[in-house]
Amino acid sequence: MDAKNTAKSAALAVGDKKLDMTVKDGTIGPSVVDIGKLYAQTGMFTYDPGFTSTASCESKITYIDGDEGVLLYRGYPIEQIAEHGDFLETCYLLLYGELPTAAQKADFDYRVNRHTMVHEQMHRFFQGFRRDAHPMAVMVGSVGALSAFYHDSTDISDPQQRMIASIRMIAKMPTLAAMAYKYSVGQPFVYPRNDLDLSSNFLRMCFAVPAEEYKVNPVLSRAMDRIFILHADHEQNASTSTVRLAGSSGANPFACIAAGIACLWGPAHGGANEAALKMLTEIGSVDKIPEYVKRAKDKNDPFRLMGFGHRVYKNYDPRAKIMQKTCHEVLTELGIKDDPLLDVAMELEKIALKDDYFVEKKLYPNIDFYSGITLKAMGFPTTMFTVLFALARTVGWIAQWKEMIEDPGQKIGRPRQLYTGSTRRDYLPISRRK
Ligand code: SDX
């Protein structure tokens, strides 16, 4: 969709009315028809459940071309960032819009490192959860609770407080995610170490135990960092739209991020990595694949291939290719020669990509298809997969939230509806109801 749209306006005939609506062009990608005055001029709403043809905002952060399988963070291709950058550099780029100089990167790393610890009371906050609580439930609760601790960064009208809240979220998500994991396995929390980079710090907080020294494996730490980069932002997906809508009411950033985590948890969205691994485990062996592919194509069967398909990508998700490469690197580093789940995944992908159903519907593996195998090999339980997605996506949510707050035209999001319920009717006393 790179060809610039030539039309400068769009005509809409509504009854005997002819409306001329402004067409706005982006720098790349589809243009938009501004329908802001439609209701005032026609008394009608547009109707687009799932927002398949609706742009909810203007943004400069992330661009996706679903037909070409392109993903750009502030104009830089994801393949190049994943290859050459690190996650904190990606956080700087998404927040500030430019790649940092060496001095800016050092200062940003220092500022984030200064906020990696959480208030000590949070340790007691965790005690209220059952040990077998899903770590995503713990994350929704504990991230929302940050607004109960950090009152000095909840005034969203103050740019200084907005930036402190942003840095705090980026810095504390790895600590809270590691605490959620440790709590679920009954091991003591491990405090962050500021001499380690973010991903090494995170792996250590997850897998170190007081009884012995923990040595970070640089290959696994690099893989973790790359996985965070791949998940950092993705335009106006469901959880980002949730954060923007929550933020449009003026809610504090911690509450908005908690809302994003709640939305990401769904199996159709960020929960798909956990669901995809469960699916691959259920399939179990290559010979069972045809049966499951048949079920995925059966309209009467709710089963879908988890980790396949995407609202925007009608081509291979560029992140899935990098994820597959990272998966092989991790399995090789860990000496895992033949992972049956990877065999099933590779064969399933091969079969599905040749099957007319998937070809016609343009269903390709998405980022969640290979991430589960990689994270499982690294030692994470499936219940932690979406927590890792939320850890990485926090910077995207924060960057999009900041962009929305700083947009002078921003107003509270308040969609309308097509009402098909009862027309007006009078109250009936219970004695007269049948
Ligand atoms: C993420 O938006 C984002 O950017 C999200 C994300 C991000 O980074 O934020 O990329 C992360 O959420 C990735 C997607 C993870 N979800 C899954 O892997 C779950 C499985 N996929 C599907 O549920 C589905 O593909 C969605 C939810 C991802 C997209 O759904 P859409 O765009 O609403 O498309 P659809 O459900 O209307 O599907 C179109 C057709 C349907 O058939 P018809 O009604 O046209 O006959 O394709 C079929 C669907 O039945 N279909 C599938 C399928 N996905 C879609 N059939 C079998 N298996 C699948 N996985």
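Here the structure is a predicted model, which means the values were calculated and not measured.

### Remarks on the site of the ligand
With respect to spatial proximity, 24 residues lie near the ligand, and among them His234, Leu305, His310, Arg311 and Arg319 are the closest. In this structure, Tyr357 approaches the ligand through a side-chain N or O atom, which is 3.1 Å from a nitrogen atom. Burial of the ligand by the surrounding chains reaches 78%, relative to a free accessible area of 1,100 Å². Grouping the amino acids of the shell around the ligand by side-chain chemistry returns 10 nonpolar, seven polar and seven charged.

### Describing the sheet that holds strand β5 (residues 70-73)
Neighbouring strands of a sheet are bound in pairs by backbone hydrogen bonds; such pairs are parallel or else antiparallel. Ordered by their spatial adjacency, three strands build an open sheet running β4-β5-β6, and the pairing between neighbours is antiparallel. Where the open sheet ends on each side, the last strands, each with one partner, are β4 (62-65) and β6 (76-77). Strand direction decides the pairing type here: β5 and β6, joined by two bridges, are antiparallel. For Tyr73, the partnering residue across the bridge sits in β6 and is Tyr76.

### Re the sheet that holds strand β1 (residues 9-14)
Reading across the sheet, the three strands line up as β1-β2-β3 and stay open at both edges, with antiparallel pairing between neighbours. The open sheet has two edge strands, β1 and β3 (32-33), and neither has a second partner. Where strand β2 (residues 17-24) meets β3, two bridges bridge the pair, whose relative direction is antiparallel. Note that in β3 the partner of Val23 across the bridge is Val33.

### As for the packing of aromatic side chains
Tallied over the full model, the rule gives 20 aromatic pairs. When the centroid spacing of 5.5 Å and the interplanar angle of 90 degrees are considered together, the rings of Tyr92 and Phe108 count as edge-to-face. One end of the pair, Tyr92, is in helix α3 (residues 87-96); the other, Phe108, is in helix α4 (residues 102-113), with 16 residues separating them in the sequence. Overall, the relative accessible area of 8% leaves Tyr92 in the buried class. An aromatic cluster of three or more residues is present, and its members are Phe87, Tyr181, Phe202, Phe207, Phe228 and Phe380. A cation over an aromatic ring shows up here: Arg131 above the ring of Tyr183, its NZ or CZ 4.1 Å from the ring centre. Over the face of the ring belonging to Tyr39 we find Arg416, whose NZ or CZ atom lies 5.9 Å from the ring centre.

### Structural notes on the packing of helix α7 (residues 159-185) against helix α18 (residues 385-405)
Axis angle and axis distance: for two packed helices, these are the angle between their axes and the distance between the axes, and together they describe the pair. Packing of α7 against α18 brings their axes to within 9 Å, and their N-to-C directions diverge by 170 degrees. What the angle tells us is that α7 and α18 run roughly antiparallel. The segment α7 lies against α18, with Arg162, Met163, Ser166, Met169, Ile170, Met173, Pro174 and Ala177 engaging Val387, Ala390, Leu391, Thr394, Val395, Ile398, Trp401, Lys402 and Ile405. Of the residues belonging to the contact of α7 with α18, the class tally is 13 nonpolar, two polar and two charged.

### Quick look at the pairing of β2
As paired strands, β1 and β2 are joined by six bridges and run antiparallel to one another. For Ala11, the partnering residue across the bridge sits in β2 and is Asp20.

### Topic: the pairing of β4
Looking down a regular strand, the side chains alternate between one sheet face and the other. Where burial is concerned, the two faces of β4 agree: the one with Thr62 and Ile64 and the one with Tyr63 and Asp65 are both buried. With four bridges joining them, β4 and β5 adopt antiparallel strand pairing. Paired with Asp65 across the two strands is Val70, which belongs to β5. Two successive antiparallel strands, β4 and β5, enclose a turn made up of four residues, where Gly69 displays a positive phi of approximately 70 degrees.

### So, the nonpolar core
The tendency in soluble globular proteins is for nonpolar side chains to be buried as a group. In terms of nonpolar packing, the biggest core is built from 119 residues, with Phe202, Met224 and Phe380 touching the most fellow members. Residues contacting Phe380, with those up to four places away along its chain left out, are Phe202, Leu203, Cys206, Phe207, Met224, Leu375, Phe385 and Leu388.

### Points about the packing of α3 against α7
Orientation of α3 relative to α7, taken along the N-to-C sense of each, is 150 degrees, at an axis distance of 12 Å. By the angle between their directions, the pair α3 and α7 is classed as roughly antiparallel. The interaxial crossing formed by α3 with α7 has right-handed handedness. Here Leu88, Cys91, Leu95 and Tyr96 of α3 come into contact with α7, specifically with Met163, Ser166 and Ile170. Residue composition of the contact of α3 with α7, grouped by class: six nonpolar, one polar and no charged.

### Some thoughts on the pattern of salt bridges
Under the definition given, this model contains 23 salt bridges. One salt bridge connects Glu58 with Lys60, and the closest N-O pair in it is separated by 3.5 Å. Like Lys60, Glu58 is exposed. Between Asp152 and Arg168 there is a salt bridge, with its nearest N and O atoms 2.7 Å apart.

What counts and what doesn't
Residues numbered from 1 in each chain as written. Predicted model: local features only at pLDDT ≥ 70, side-chain atom pairs only at ≥ 80, totals over all residues. Heavy atoms only, no water. Near = heavy atom within 4 Å. Polar contact = N/O pair within 3.5 Å; in protein donor to acceptor, adjacent residues only side chain to side chain. Areas by Shrake-Rupley, 256 points an atom, 1.4 Å probe, with all protein chains shown as cover. Nonpolar A, V, L, I, M, F, W, Y, C, P; charged D, E, K, R; others polar. Pairing = 2+ DSSP bridges. Helix = DSSP H or I, 4+ residues; strand = E, 2+ residues; numbered from the N terminus. Phe/Tyr/Trp six-rings, centres within 6.5 Å; stacked < 30°, edge-to-face > 60°. Buried < 20%, exposed > 50% of the residue type's maximum accessible area, 1.4 Å probe, protein only. Lys NZ or Arg CZ within 6 Å of the ring centre and 35° of its normal. Axes fitted to C-alpha atoms, helices over the stretch in contact; angles between N-to-C directions. Parallel < 35°, antiparallel > 145°, perpendicular 65-115°, else oblique. Contact = heavy atoms within 4.5 Å. Core = buried A, V, L, I, M, F, W, Y, C linked by side-chain atoms within 4.5 Å. Left-handed = near helix turned anticlockwise from the far one by under 90°. Salt bridge = Lys/Arg side-chain N within 4 Å of Asp/Glu carboxyl O.

Interpretation note: all reported values are geometric properties and have no functional meaning in isolation.
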